[in-house]
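Here is what each chain is made of, one letter per residue.
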Amino acid sequence: MTDIDKAGTFSLGSRTVRRLGYGAMQLAGKGVFGPPRDRDAAVAVLRAAVAAGVNHIDTSDFYGPHVTNQIIREALHPYPDDLVIVTKIGARRGPDASWNPAYSAEDLTAAVHDNLRNLGLETLDVVNLRIMFDVHGPAEGSIAAPLAVLADLQRQGLVRHIGLSNVTATQVAEGRGIAEIVCVQNQYNLVHRGDDALIDALAAAGIAYVPFFPLGGFSPLQSTALDEVAKRLGATPMQVALAWLLRRSPNILLIPGTSSVGHLGKNLAAAELDLPEEAMAALNAIGTGGSHG
């Protein structure tokens with residue numbers, strides 16, 4: 001069995017988590033909408049992740065909607081004491097599976113209560129406020145109003161810690177003036193490197209950075225250099241991409257998702273993959289070719 005402790009740990013608010021976690025997005029149906037094809041398999045993946053030592057699970061009640069949280073509850077409740085479940089609010093799904101902003105005080109409050117109910121919790125460990133000024137990526141604009149609502153829910157004891165998702169460095173600075181921010185969740189991977197400076201600034205402040213789409217998302221990473229490094233190391237390209245993220249900065253927490261127990265094992269094996277300096281140099285060069293914003 002893989003020893004994921006080799007990936008190390010980092011703090012997430014008042015909790016310490018292993019740096020290899022699990023993202024539950026793929027437990028819903030196609031397009032993160034509706035139920036999974038095989039609910040028993042989804043339950044099995046969650047149980048296998050926790051059995052392997054994963055103690056950081058990332059989810060949201062708008063996955064499905066409601067589906068992934070209900071599966072997490074079925075698979076793992078009552079939860080292990082060391083398990084940190086991170087969720088996010090700020091969006092809602094349309095009947096056509098669209099992703100729509102949901103920022104009003106009523107929307108955000110209802111979303112926190114939906115997460116609590118579907119997960120079977122009295123307090124949410126970490127809630128990320130997902131900013132939706134642009135569905136395709138971070139876009140500038142003040143986040144003060146929705147964040148103030150979330151901070152109020154924190155004061156009520158419904159939320160323990162607050163994070164931000166899909167944000168710019170300016171918004172992170174604004175957010176830190178309103179509430180303590182324990183993590184930032186943005187798109188980042190070997191090829192999509194726009195957050196390099198932000199990651200380093202957050203590391204200096206002791207704030208976790210959680211890259212979503214660490215393997216490229218709905219269109220997996222394609223890189224000849226990545227394939228060549230993987231071949232030399234006898235690993236898969238995806239394992240190398242995850243190992244590179246672990247090496248990139250100590251505050252990076254990984255949440256690769258999968259709906260297969262076999263694939264889960266391959267992802268977690270990245271914890272034991274040692275990348276020699278020449279491999280790191282080849283991989284670092286991938287993100288410097290062309291513009292990545």
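Predicted model, so just to flag it, every value in this text is computed and none were measured.

**Student:** Can you help me understand the pattern of salt bridges in this one?
**Tutor:** Any two side chains of opposite charge can pair, given that their charged atoms come close. Counted under the stated rule, the structure contains 13 salt bridges. Measuring nitrogen to oxygen at the nearest pair gives 3.1 Å for the salt bridge that ties R15 to D125. Residue R15 is found in strand 2 (residues 15-18), and its partner D125 is found in strand 8 (residues 124-130); the two are separated by 110 residues along the sequence. The burial state of R15 is the same as that of D125; both residues are buried. On the basis of relative accessible area, D125 is assigned to the buried category, the value being 9%. Because the salt bridges share partners, they merge into one network encompassing R193, D196, D200 and R248.

**Student:** Please explain the sheet that holds strand 5 (residues 84-89) as it appears in this structure.
**Tutor:** The strands making up a sheet associate through backbone hydrogen bonding, with each pair oriented either parallel or antiparallel. The parallel open sheet is built from 7 strands, whose spatial order is 3-4-5-8-9-10-11. In the strand order of this sheet, the two ends are held by strand 3 (22-23) and strand 11 (208-212), each with one partner. Here strand 4 (residues 56-58) runs beside strand 5; their pairing, made up of 3 bridges, is parallel. Residue pairing in the sheet places D58 in a bridge with V86 of strand 5. Contacting strand 5, strand 8, strand 9 (159-165) and strand 10 (181-187), helix 4 (residues 144-155) crosses the sheet at an angle of about 160° to strand 9.

**Student:** What is the right way to look at the pairing of strand 1 (residues 9-12) in this model?
**Tutor:** Across a regular strand the side chains alternate sides, sitting on one face of the sheet and then on the other. Across the two faces of strand 1 the burial differs, with F10 and L12 buried and T9 and S11 not buried at all. By the bridge criterion, 4 bridges tie strand 1 to strand 2 in an arrangement that is antiparallel. The residue of strand 2 that forms the bridge with T9 is R18. Where strand 1 folds back on strand 2, the antiparallel hairpin that results is connected by 2 residues, among which G13 adopts a positive phi of roughly 65°.

**Student:** Explain the nonpolar core to me, please; I cannot follow it from the model alone.
**Tutor:** The nonpolar side chains of soluble globular proteins are, as a tendency, buried together. In terms of nonpolar packing, the biggest core is built from 86 residues, with Y22, L46, I72, V112, L150 and L283 touching the most fellow members. Per element, the largest residue contribution to this core is 8 residues, and it comes from helix 8 (residues 237-248).

**Student:** Would you mind showing me how to read the packing of aromatic side chains here?
**Tutor:** Here the distance between the centres and the angle between the planes together describe a pair of aromatic rings. Applying the stated criterion across every chain, the model contains 6 aromatic pairs. With a centroid separation of 6.1 Å and an interplanar angle of 20°, the aromatic rings of Y188 and W244 are classed as stacked. Residue Y188 is found in the loop between strand 10 and helix 6 (196-205), and its partner W244 is found in helix 8; the two are separated by 56 residues along the sequence. Using a relative accessible area of 0% as the deciding quantity, one classes Y188 as buried. W244 gets classed as buried once you look at its relative accessible area, which sits at 0%. Between the aromatic rings of F212 and F213, the centroid separation amounts to 5.4 Å while the plane-to-plane angle is 85°, which identifies the pairing as edge-to-face. On the basis of relative accessibility, which here comes to 15%, the residue F212 falls in the buried class.

**Student:** Is there a simple way to think about the pairing of strand 9 in this case?
**Tutor:** For strand 9, a buried count of 6 out of 7 residues is recorded, marking the element as mostly surrounded by other parts of the structure. Relative to strand 9, strand 8 runs parallel, the two sharing 6 bridges. Looking at the pairing, L129 lines up with L164 of strand 9. Note on the crossover from strand 8 through helix 4 to strand 9: the handedness is right-handed. As paired strands, strand 9 and strand 10 are joined by 4 bridges and run parallel to one another. By the bridge assignment for strand 10, S165 is matched with Q185. In terms of handedness, the path from strand 9 via helix 5 (residues 169-176) over to strand 10 forms a crossover that is right-handed.

Calculation notes
- Residues numbered from 1 in each chain as written.
- Predicted model: local features only at pLDDT ≥ 70, side-chain atom pairs only at ≥ 80, totals over all residues.
- Heavy atoms only, no water.
- Salt bridge = Lys/Arg side-chain N within 4 Å of Asp/Glu carboxyl O.
- Helix = DSSP H or I, 4+ residues; strand = E, 2+ residues; numbered from the N terminus.
- Buried < 20%, exposed > 50% of the residue type's maximum accessible area, 1.4 Å probe, protein only.
- Pairing = 2+ DSSP bridges.
- Contact = heavy atoms within 4.5 Å.
- Axes fitted to C-alpha atoms, helices over the stretch in contact; angles between N-to-C directions.
- Core = buried A, V, L, I, M, F, W, Y, C linked by side-chain atoms within 4.5 Å.
- Phe/Tyr/Trp six-rings, centres within 6.5 Å; stacked < 30°, edge-to-face > 60°.
- Right-handed = clockwise from strand over helix to strand, strands pointing away.

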